[in-house]
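Close look at the chain arrangement
Chain by chain, the residues:
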Amino acid sequence: GRIRYHLGSKTYVEEAIRKVKSLLEEAGRKIPYPTKCPMDKDLKPELDTSRFCNAGEHRLYMQLMGIFLWIVRLGRVDLGFPISSLSRFSALPRIGHLEHLEKVFGYLLKFPDKQIPVNARPFDPPEGAELFSKDREVMQRIYPEAYEEIDTSFPEPKGHPIQTTIWYDSNWAHDQVTRRSNTGLMAYVGGTLVKAYSKRQGAIAA
């Protein structure tokens, strides 16, 4: 039950922080103050009407976005939503979008070493979460025709079973221009996060 291991990206993040500081200084931009939140929950970047970035600012935006996208891929899922939201404007960002991206960097300065604990215990559901099913037998009663083929060459399992849990949600019609939602998904094996993403939906449904 005790957590003994953590997965993190501290070494890369520390190098990324040095790189981003250098990029901002070269561009004559201020280093943002460390902040506890990477993005305001009510922010609507699609409604930003600030001027479009010039060539140098656009290049900086793309450089920062590339660094942050890789950090997300390395396990910093706390940056998944803000980076997904701001990456929509990579082709033609406004100066307001660049400022929001710099705020994400301020959050990284505040929390450079967030890690994912490796834990076999089941993940406790967040307050207000709705459980569809936590019982394999319930799923089999709902979908009796569904079954899982097990390769006969697989070895016999040992030890205690580990619960797999998938949490998902969407922020309905989040984008006020396209009315598309963002879908978030987090998959756990035991209490260990193994998959997470935040992605804008490709279509809207009536």
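Now for a look at the structure at hand. What you are looking at is a predicted structure, and each value in this text was computed from that prediction instead of being measured. Counting restarts for each chain, with residues numbered from 1 along the sequence as it is written. Restriction of local features to residues with pLDDT of at least 70 applies here, the model being predicted, together with a cutoff of 80 or more for giving and counting side-chain atom pairs; totals for whole chains, interfaces and linings are based on all residues. Values reported for side chains reflect all heavy atoms of the structure, with hydrogen atoms and water molecules removed beforehand.

Quick look at the nonpolar core now. In terms of nonpolar packing, the biggest core is built from 27 residues, with Leu64, Phe68, Ile71, Leu101 and Leu108 touching the most fellow members. Counting from the N terminus, the helices are the DSSP runs of H or I reaching at least four residues and the strands are the DSSP runs of E reaching at least two. For this core, the elements supplying multiple residues, two or more each, are helix 1 (10-26), helix 2 (55-73), helix 3 (80-87) and helix 4 (95-110). Residue contacts are defined here by distance: any two heavy atoms, one from each residue, within 4.5 Å place the two residues in contact. The residues contacting Phe68, other than those within four sequence positions of it, are Ile83, Leu101, Phe105 and Leu108. We define a nonpolar core as any set of buried Ala, Val, Leu, Ile, Met, Phe, Trp, Tyr and Cys residues linked to one another through side-chain atoms lying within 4.5 Å. Each residue is placed in one exposure class: buried if its accessible area under a 1.4 Å probe, protein chains only, is under 20% of its type's maximum, exposed if it is over 50%, and partly exposed if it falls in between.

The next subject is the packing of aromatic side chains. Each aromatic ring pair is described using two quantities: the centre-to-centre distance and the angle formed by the ring planes. Aromatic rings from Phe, Tyr and Trp, with only the six-membered ring used for Trp, were paired whenever their centres fell within 6.5 Å, and each pair was classed as stacked if the ring planes differed by under 30 degrees, edge-to-face if by over 60, and tilted otherwise. Taken as a whole and judged by the stated rule, the model has 1 aromatic pair. Taken together, a centroid distance of 5.2 Å and an interplanar angle of 55 degrees make the contact between Tyr107 and Phe111 tilted. Judged by its relative accessible area of 6%, Tyr107 falls in the buried class. By relative accessible area, which is 26% here, Phe111 ends up partly exposed. Charge over a ring is defined by NZ of Lys or CZ of Arg lying within 6 Å of the ring centre and within 35 degrees of the ring normal. Positioned over the ring face of Phe52 is Arg94, at 3.9 Å from the centre of the ring. For Lys114, the ring lying beneath its charged end belongs to Phe111, and the centroid distance is 4.6 Å.

Before going further, it helps to examine the packing of helix 1 against helix 4. The packing of two helices is summarised by the inter-axis angle and the distance between the axes. With axes taken as lines fitted to C-alpha atoms, and helix axes fitted only over the stretch in contact, angles between N-to-C directions fall between 0 and 180 degrees. Look at helix 1 against helix 4: their axes get within 11 Å of each other, and the N-to-C directions meet at 140 degrees. Overall, the two elements helix 1 and helix 4 adopt an arrangement that is oblique. Both helix 1 and helix 4 take part in a crossing whose hand is left-handed. Residues Val13, Ile17, Val20, Lys21 and Leu24 of helix 1 lie in contact with helix 4, whose contacting residues are Glu102, Phe105, Leu108 and Leu109. Residues are grouped as follows: nonpolar covers Ala, Val, Leu, Ile, Met, Phe, Trp, Tyr, Cys and Pro; charged covers Asp, Glu, Lys and Arg; every other residue, Gly included, is treated as polar. Here the contact of helix 1 with helix 4 is composed, by residue class, of 7 nonpolar, no polar and 2 charged. Orientation labels follow simple angle bins: below 35 degrees gives roughly parallel, above 145 gives roughly antiparallel, 65 to 115 gives roughly perpendicular, and whatever is left gives oblique. Less than a right angle of anticlockwise turn of the near helix away from the far helix marks a crossing as left-handed, whereas a clockwise turn marks it as right-handed.

Okay, a nonpolar patch on the surface next. Only residues whose relative accessible area exceeds 30% and that form no salt bridge enter a patch; like-charged residues are grouped when within 9 Å of one another, and nonpolar side chains (Val, Leu, Ile, Met, Phe, Trp, Tyr) when within 5 Å. For accessible areas, the Shrake-Rupley method is used with a probe of radius 1.4 Å. Any residue's cover is judged against the shown protein chains and nothing else. Put simply, a salt bridge is a Lys or Arg side-chain nitrogen that is within 4 Å of an Asp or Glu carboxyl oxygen. A surface patch of nonpolar side chains, about 300 Å² in accessible area, is lined by Tyr5, Leu7 and Val118. Inspection of the secondary structure assignment puts Val118 in strand 2 (residues 116-118). The exposure class of Val118 is partly exposed, given its relative accessible area of 30%.

Along helix 3, 6 of the 8 residues are buried, which leaves the element largely enclosed by surrounding structure. Those residues of helix 3 that fall on the buried side of the exposure criterion are Gly80, Pro82, Ile83, Ser84, Ser85 and Leu86.

Here a strand pair is declared whenever DSSP counts at least two bridges between the two strands. Judged from the 8 bridges that link them, strand 4 (residues 182-189) and strand 5 (residues 192-200) form a sheet pairing that is antiparallel. When the bridges of strand 5 are listed, Tyr188 appears paired with Leu193. Taken together, strand 4 and the strand that follows it, strand 5, pair antiparallel across an intervening segment of 2 residues, in which Gly190 is found at a positive phi of about 65 degrees.

To continue, consider the pattern of salt bridges. Inspection of every chain in the model, using the stated rule, returns 5 salt bridges. Between Arg18 and Glu15 there is a salt bridge, and its shortest N-O distance comes to 2.7 Å. A residue pair is termed a helical-turn pair when its members lie 3 or 4 positions apart in one helix, as Arg18 and Glu15 do in helix 1 at 3 residues. Here Arg88 ties to Glu46 by a salt bridge, and the two come within 3.5 Å at their closest N and O atoms. Taken together, the residues Arg88 in the loop between helix 3 and helix 4 and Glu46 in the loop between helix 1 and helix 2 connect sequence positions 42 residues apart. When its relative accessible area of 23% is taken as the criterion, Arg88 is described as partly exposed.

Expected span of a helix: the number of residues minus one, times 1.5 Å. For helix 1, spanning 17 residues, the distance from its first C-alpha to its last is 24 Å, which sits close to the expected 24 Å at 1.5 Å a residue. For helix 1, the complete set of buried residues consists of Val13, Ala16, Ile17, Val20, Leu23 and Leu24. On an axial view of helix 1, the arc spanned by its buried residues comes to 135 degrees, and they lie on one face. In helix 1, the exposed residues that point more than 90 degrees away from the buried face are Thr11, Arg18, Glu25 and Glu26. Packing partners of the buried residues in helix 1 comprise helix 2 and helix 4. Of the residues flanking the end of helix 1, it is Gly28, one or two places downstream, whose phi is positive at about 75 degrees. It is the directions from the helix axis to the C-beta atoms that the arc portrays.

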